Amino acid sequence: MKKIISFLVITLTVASGFSEEVSDISQAELDEQVYSDAMTVPRYVQVATSAGVGVFTGACSLTNVTFVDIHVQEWWTPDPGTNTVRLHKIDRLNDEWMFPTNIPVVFFAVTKAQWHGEDAAYYLTNAAERAELTFANVNRSWFRTTRDNGLVYAFATNLWNCVRINPNPTNYYEVLRDVQRTIAKQDSWRVQLDSRNGLSWLFDEASENYLTDKLNDPLLSPIMKNSVGNWLSRRFGWIYSYTNNIEVWTPPQ
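What you see is a predicted model, and the numbers here were worked out from it, not measured in a lab. (Residues numbered from 1 in each chain as written. Predicted model: local features only at pLDDT ≥ 70, side-chain atom pairs only at ≥ 80, totals over all residues. Heavy atoms only, no water.)

Let us now look at the overall build of the chain. Of the regular secondary structure elements, the chain holds 11 helices and 8 strands. Looking at the 253 residues of the chain, the share that counts as buried comes to 47%. (Helix = DSSP H or I, 4+ residues; strand = E, 2+ residues; numbered from the N terminus. Buried < 20%, exposed > 50% of the residue type's maximum accessible area, 1.4 Å probe, protein only.)

See below:
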């Protein structure tokens, strides 16, 4: 997936300081949620250099604004022989509860070289600095294991299994498809929108045969079938019609 690494060249967004995203928001806020091409759980699963479950070991302070440490309780990536991981380049911290201590969190980290992408040689002066770990978008790179009654954690572990432990593209698609169809935004807007984004990413550069297969998948939600149909129309000239209250896409004659 060639877009992954280049996508990491992003600007850290500020939302409630750099706090973890808010889970409990109103329906009006849900309706207004702007979901741009932000980092998502599916993308973190694809690119993370270091990931697992752990606890932050120090509260944020105004004098320690360049790094944060995590005591790792369970490695998802291969165990590097230490139970501590340090995340560098934490630029602005002004919420002391941003990194809660003694609360298990899932974390995804990338190297500075990944984060800077093609500009790494310009910003990073040596190999040691390029290998340092950082958060790609601080407020999205970690979440409490209990967030949204464990839905985000379950989503992440299922994706990790079919991407990193037992790689299986079909299972990956089915996890995204089933979660997007069954998890409401009110239960976990992060899971709902991240799964939708993950599917859209699959469809973005898919072959015509792949898209046709998904268009005929009875378990794919109507909103995602509409996305598939739009890609078939834009890229392969399929024709859209609306007959008897049914949306239909047909291949060009």
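Bringing the packing of helix 9 (residues 189-204) against helix 11 (residues 222-236) into the picture now. Between helix 9 and helix 11, the least distance of the axes is 10 Å, while the angle of their chain directions is 25°. Considering their axes alone, helix 9 and helix 11 lie roughly parallel with respect to each other. As for the relative orientation of helix 9 and helix 11, their crossing is right-handed in sense. The segment helix 9 lies against helix 11, with Arg196, Leu199, Ser200, Phe203 and Asp204 engaging Ile223, Met224, Ser227, Val228, Trp231 and Arg235. (Axes fitted to C-alpha atoms, helices over the stretch in contact; angles between N-to-C directions. Parallel < 35°, antiparallel > 145°, perpendicular 65-115°, else oblique. Left-handed = near helix turned anticlockwise from the far one by under 90°. Contact = heavy atoms within 4.5 Å.)

Within strand 1 (residues 50-56), 7 of the 7 residues are buried, which leaves the element mostly enclosed by the surrounding structure. The sheet contact formed by strand 1 and strand 4 (residues 105-111) spans 5 bridges and is antiparallel. Bridged to Ala51 within strand 4 is Phe108. Relative to strand 2 (residues 67-75), strand 1 runs antiparallel, the two sharing 5 bridges. Looking across to strand 2, one finds that Gly52 is bridged to Trp75. (Pairing = 2+ DSSP bridges.)

If a strand is regular, its side chains alternate between the two faces of the sheet. Relative to strand 8 (residues 246-250), strand 7 (residues 239-243) is paired through 5 bridges, and the arrangement is antiparallel. Within strand 8, the residue paired with Tyr242 across the bridge is Glu247.

Residues Val41, Trp76, Phe108, Phe155, Leu159 and Phe203 are the most contacted members of the largest nonpolar core, which totals 42 residues. At the level of secondary structure, the elements contributing two or more residues to this core comprise helix 3 (41-47), strand 1, strand 4, helix 7 (151-165), helix 8 (169-182), helix 9, helix 10 (208-215) and helix 11. If you look at the next biggest cluster of nonpolar residues, it comprises 17 residues, including Met98, Phe99, Phe135 and Trp142. (Core = buried A, V, L, I, M, F, W, Y, C linked by side-chain atoms within 4.5 Å.)

We now examine helix 7. Counted at 1.5 Å a residue, the expected span for helix 7 with its 15 residues is 21 Å, and the 20 Å between its end C-alpha atoms agrees. Here helix 7 has its buried residues at Val152, Phe155, Ala156, Leu159, Trp160, Cys162 and Val163. In this structure, the buried residues of helix 7 make contact with helix 3, strand 1, strand 4, strand 6 (142-144), helix 8 and helix 9. (Expected span 1.5 Å × (residues − 1).)

What describes a pair of aromatic rings is the distance from one ring centre to the other and the angle between the planes of the rings. What the rule picks out here adds up to 12 aromatic pairs. The interplanar angle of 80° and the centroid separation of 5.2 Å between the aromatic rings of Phe56 and Trp142 together place this pair among those described as edge-to-face. Of this pair, Phe56 sits in strand 1 while Trp142 sits in strand 6, and the two are 86 residues apart along the sequence. Residue class for Phe56 comes out buried when judged on its relative accessible area of 1%. Three or more aromatic residues link up through ring pairs in this structure, and these residues are Tyr44, Trp76, Phe108, Phe143, Tyr153 and Trp160. The ring of Phe67 carries the charged tip of Arg86 above its face, separated from the ring centre by 3.8 Å. Here the guanidinium or amino end of Lys214 rests over the ring plane of Tyr210, the centre of that ring lying 4.6 Å away. (Phe/Tyr/Trp six-rings, centres within 6.5 Å; stacked < 30°, edge-to-face > 60°. Lys NZ or Arg CZ within 6 Å of the ring centre and 35° of its normal.)

Bringing the pattern of salt bridges into the picture now. Summed over all chains, the structure comprises 10 salt bridges. For Arg147, the salt bridge identified is with Asp148, shortest N-O distance 3.6 Å. Across the pair, Asp148 and Arg147 agree in class, each one buried. Among the ionic contacts, a cluster of salt bridges with common partners joins Arg177, Asp178, Arg181 and Asp217. (Salt bridge = Lys/Arg side-chain N within 4 Å of Asp/Glu carboxyl O.)

Attention shifts here to the packing of helix 7 against helix 8. Closest axis-to-axis distance for the helix 7/helix 8 pair is 8 Å, and the angle between their directions is 160°. Looking at the two axes, helix 7 sits roughly antiparallel to helix 8. Judged by the sense of rotation from one axis to the other, the crossing of helix 7 with helix 8 is left-handed. Of the residues in helix 8, those in contact with Phe155, Asn158, Leu159, Cys162 and Val163 of helix 7 are Asn171, Tyr172, Val175, Leu176 and Val179. Here the residues of the contact of helix 7 with helix 8 are counted per class, giving 8 nonpolar, 2 polar and no charged. (Nonpolar A, V, L, I, M, F, W, Y, C, P; charged D, E, K, R; others polar.)

In this section: unusual backbone geometry. Glycine aside, residues mostly have negative phi angles, and peptide bonds mostly take the trans form. Even without being glycine, Asn102 reaches a positive phi, approximately 65°. Looking at where Asn102 falls in the secondary structure, it is placed in the loop between strand 3 (84-88) and strand 4.

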